[in-house]
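Spelled out, the chains give:
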Amino acid sequence: VSVPVDATLNDLLRVTLRPDWEAVKVQVMTEILLAKFTQHAPLLEKLFLTEDACLVEGNLWHDRYWGVCYCTRCKRQGENMLGQILMQLRTELSNG
């Protein structure tokens, strides 16, 4: 891979999302996680071991959509969509 000499970190990290990403991102993440846990039994067992615990994707990088940011600026704010999807899948997969 060749990287332009004047490329910044932001240039290197920039990705182009599909136009309908905002409308489909939860469904896409759900499908990815379903595949992950149904194809890897040890991971599914770890998910089941959480029983009925509230799962939170805690972070310090200000991701307040997929997780909850614990930095002093964000003060534990976030939608925790990743945690919500994991808890939903845990319930669905444990019920057969």
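An account of the accompanying structure is given in this report. Computed from a prediction, not measured in an experiment: that's the story for all the values here.

For the rest of this paragraph, the subject is the overall build of the protein chain. On a plain count of helices and strands, the protein chain comes out with 4 helices and 2 strands. Shown N-terminal to C-terminal, the secondary structure of the protein chain runs as helices and strands in the order α-α-α-β-β-α. For a compact globule of 96 residues, the expected C-alpha radius of gyration is about 12 Å, and the protein chain comes in at 17 Å, more than 25% above that figure. A sequence separation of at least 24 residues applies to 41% of the contacts in the protein chain between residues at least 6 apart. Surface exposure of the protein chain reaches about 7300 Å², of which carbon and sulfur atoms provide 57%. Side chains of the protein chain give 10 positive and 12 negative charges; the mean places of these two sets differ by 7 Å.

What counts and how
- Residues numbered from 1 in each chain as written.
- Predicted model: local features only at pLDDT ≥ 70, side-chain atom pairs only at ≥ 80, totals over all residues.
- Heavy atoms only, no water.
- Helix = DSSP H or I, 4+ residues; strand = E, 2+ residues; numbered from the N terminus.
- Rg over C-alpha atoms; globule rule 2.2 N^0.38 Å.
- Contact = heavy atoms within 4.5 Å.
- Areas by Shrake-Rupley, 256 points an atom, 1.4 Å probe, with all protein chains shown as cover.
- Lys, Arg positive; Asp, Glu negative; His and termini not counted.
- Charge placed at Lys NZ, Arg CZ, Asp CG, Glu CD.

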